[in-house]
There are 2 protein chains.
Amino acid sequence: MKLGSGVEWSVHACTLLSVLPEGWSLPAEAIAEYHGVPPAYMAKHLQSLRRAGLVSSTRGAAGGYRLRHPPASISLWDIVVAIEGRAPAFRCTEIRQNGPCGARPDACRAPCGVAASFYRAEQAYRDSLRSVSLVDMVTAAAEQSDAEKRSAIAQWLQKTAVRSEA
Amino acid sequence: MKLGSGVEWSVHACTLLSVLPEGWSLPAEAIAEYHGVPPAYMAKHLQSLRRAGLVSSTRGAAGGYRLRHPPASISLWDIVVAIEGRAPAFRCTEIRQNGPCGARPDACRAPCGVAASFYRAEQAYRDSLRSVSLVDMVTAAAEQSDAEKRSAIAQWLQKTAVRSEA
């Protein structure tokens, strides 16, 4: 079971967008540069985030991405869904209906104990990620940064962010 | 994110082995037949379960698989680990160290907020699966079976199970 690296990149990208001043954006190339990842893949994930309504983009020379909602209202689960979709990790193939003692379809309206247990575990996973917002990511990153790093980020943003249309 | 179907098959297979009388085994082919799944894949998963110490096998004409521990002491998480391994679904690539504002390696001894949040969610997932044993699976299956199905299973086992060496 593996979560694609797009989730990692996207959470970091949204964390960076969380500290942009109101009315400013970051070009996709700059977001990729900041994280040292291939621009084409980063752009693809930013488009997924846009389609999911988590970020908005402005076009043109001064175009870029910004969050569409306050960081406190975007959870890590929202980002997982934007990048990986909502399909459960456990895909029940109803093998209880197979074989010489298979259950009749009309006896299988409720999930079996196996599927129900995996769905419950995935609910616990989702609930955990839903309880964490981008504000928590910004706070954690700030706690792990020294003054030098915070100043480097501020300078980079000043140089790189673009003024968006309203 | 997707859990391979081997986990589904293996939990069902171990649930079936849970109701075998002491001293009896089921051949791999019979386990595959019961679940209506390809024998070669089922055999591969049974070997993984054996390597993980969850089942044992006896060779020869009367050879087969049985649980190595009481069903109450085997959790769904044990079976996931046997089939999929212990690698976390979230694979941190330390992108916080990349780019123009990258953190120094010595400032990255603790996981970042992003990785820590995903590890916490996976812990919640694990804890949930650890709390469910094969006894719960047998109970759930019995609750969803009518007398006809229970009798069909008993007859099939009587015909198919083999007496194992001690």
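What you see is a predicted model; the values in this text were computed from it and never measured.

Criteria and thresholds
- Residues numbered from 1 in each chain as written.
- Chains lettered and ligands numbered in written order.
- Predicted model: local features only at pLDDT ≥ 70, side-chain atom pairs only at ≥ 80, totals over all residues.
- Heavy atoms only, no water.
- Salt bridge = Lys/Arg side-chain N within 4 Å of Asp/Glu carboxyl O.
- Buried < 20%, exposed > 50% of the residue type's maximum accessible area, 1.4 Å probe, protein only.
- Helix = DSSP H or I, 4+ residues; strand = E, 2+ residues; numbered from the N terminus.
- Contact = heavy atoms within 4.5 Å.
- Least-squares fit on C-alpha atoms with pLDDT ≥ 70 in both.
- Buried area = accessible area lost by both parts, 1.4 Å probe.
- Polar contact = N/O pair within 3.5 Å; in protein donor to acceptor, adjacent residues only side chain to side chain.
- Nonpolar A, V, L, I, M, F, W, Y, C, P; charged D, E, K, R; others polar.
- Expected span 1.5 Å × (residues − 1).
- Axes fitted to C-alpha atoms, helices over the stretch in contact; angles between N-to-C directions.

Enquirer: Outline the pattern of salt bridges, supporting the account with residue identities and numerical values.
Expert: As enumerated under the stated definition, the model contains 10 salt bridges over all chains in all. Notably, a salt bridge pairs A:Arg104 with A:Asp106, separated by 3.3 Å at the nearest N-O pair. Given a relative accessible area of 42%, A:Asp106 falls into the partly exposed group. With a closest N to O distance of 3.7 Å, B:Arg130 and B:Asp127 form a salt bridge. A residue pair is termed a helical-turn pair when its members lie 3 or 4 positions apart in one helix, as B:Arg130 and B:Asp127 do in helix 5 (residues 113-130) at 3 residues. Using a relative accessible area of 39% as the deciding quantity, one classes B:Asp127 as partly exposed.

Enquirer: Provide a residue-level description of helix 2 (residues 28-35) of chain A, including the pertinent values.
Expert: Residue and element names in this part refer to chain A. Within helix 2, 6 of the 8 residues are buried, which leaves it mostly tucked inside the rest of the structure. Those residues of helix 2 not exposed but buried are Ala-28, Ala-30, Ile-31, Ala-32, Tyr-34 and His-35. Where helix 2 is buried, its residues meet helix 1 (5-18), helix 3 (39-51), strand 3 (64-67) and helix 7 (147-160). Downstream of helix 2 by one or two residues, Gly-36 has phi in the positive range, about 60 degrees.

Enquirer: Before we move on, can you summarise the relation of the copies chain B and chain A with the specific residues and values?
Expert: Overlaying chain B with chain A gives an RMSD of 0.0 Å, the required rotation being 180 degrees about an axis along which the chain moves by 0.0 Å. The superposition operator between the copies reduces to a two-fold rotation axis. Here 100% of the interface residues in chain B have copies in chain A that are interface residues too; the copies meet face to matching face.

Enquirer: Explain the interface of chain B and chain A to me, and be specific about the residues and the numbers.
Expert: If you look at the interface, chain B gives 56 residues, while chain A gives 56 residues. Together, B:Met1, B:Ile95 and B:Cys101 form the three largest contributors to the area buried by chain B at its contact with chain A, with a combined 17%. The interface formed by chain B and chain A includes 4 salt bridges. Across the pair A:Arg104 and B:Asp146 runs a salt bridge whose closest N-O atoms are separated by 3.6 Å. The tally of links from chain B across to chain A stands at 14 residue pairs in polar contact (both at pLDDT 80 or more). The set of elements that each furnish at least two residues to the side of chain B that touches chain A consists of helix 1 (5-18), helix 2 (28-35), helix 4 (76-84), helix 5, helix 6 (134-143) and helix 7 (147-160) of chain B. In terms of residues, the side of chain B that touches chain A owes the most to one element, helix 5 of chain B, which gives 11 residues. Residue classes in the side of chain B that touches chain A are distributed as 32 nonpolar, 11 polar and 13 charged.

Enquirer: Describe helix 1 of chain A, with residues and values.
Expert: Between its first and last C-alpha atoms helix 1 of chain A spans 20 Å; for 14 residues at 1.5 Å apiece the expected length is 20 Å, and the two agree. Within helix 1 of chain A, 13 of the 14 residues are buried, leaving the element largely enclosed by the surrounding structure.

Enquirer: How would you summarise the packing of helix 4 of chain B against helix 5 of chain B if you had to cite specific residues and measurements?
Expert: All names here are of chain B. It is at 6 Å that the axes of helix 4 and helix 5 come closest, and there the two elements cross at 120 degrees. Seen from helix 4, the contacting residues are Leu-76, Trp-77 and Val-80; seen from helix 5, they are Tyr-125, Arg-126, Leu-129 and Arg-130. Considered class by class, the residues forming the contact of helix 4 with helix 5 number 5 nonpolar, no polar and 2 charged.

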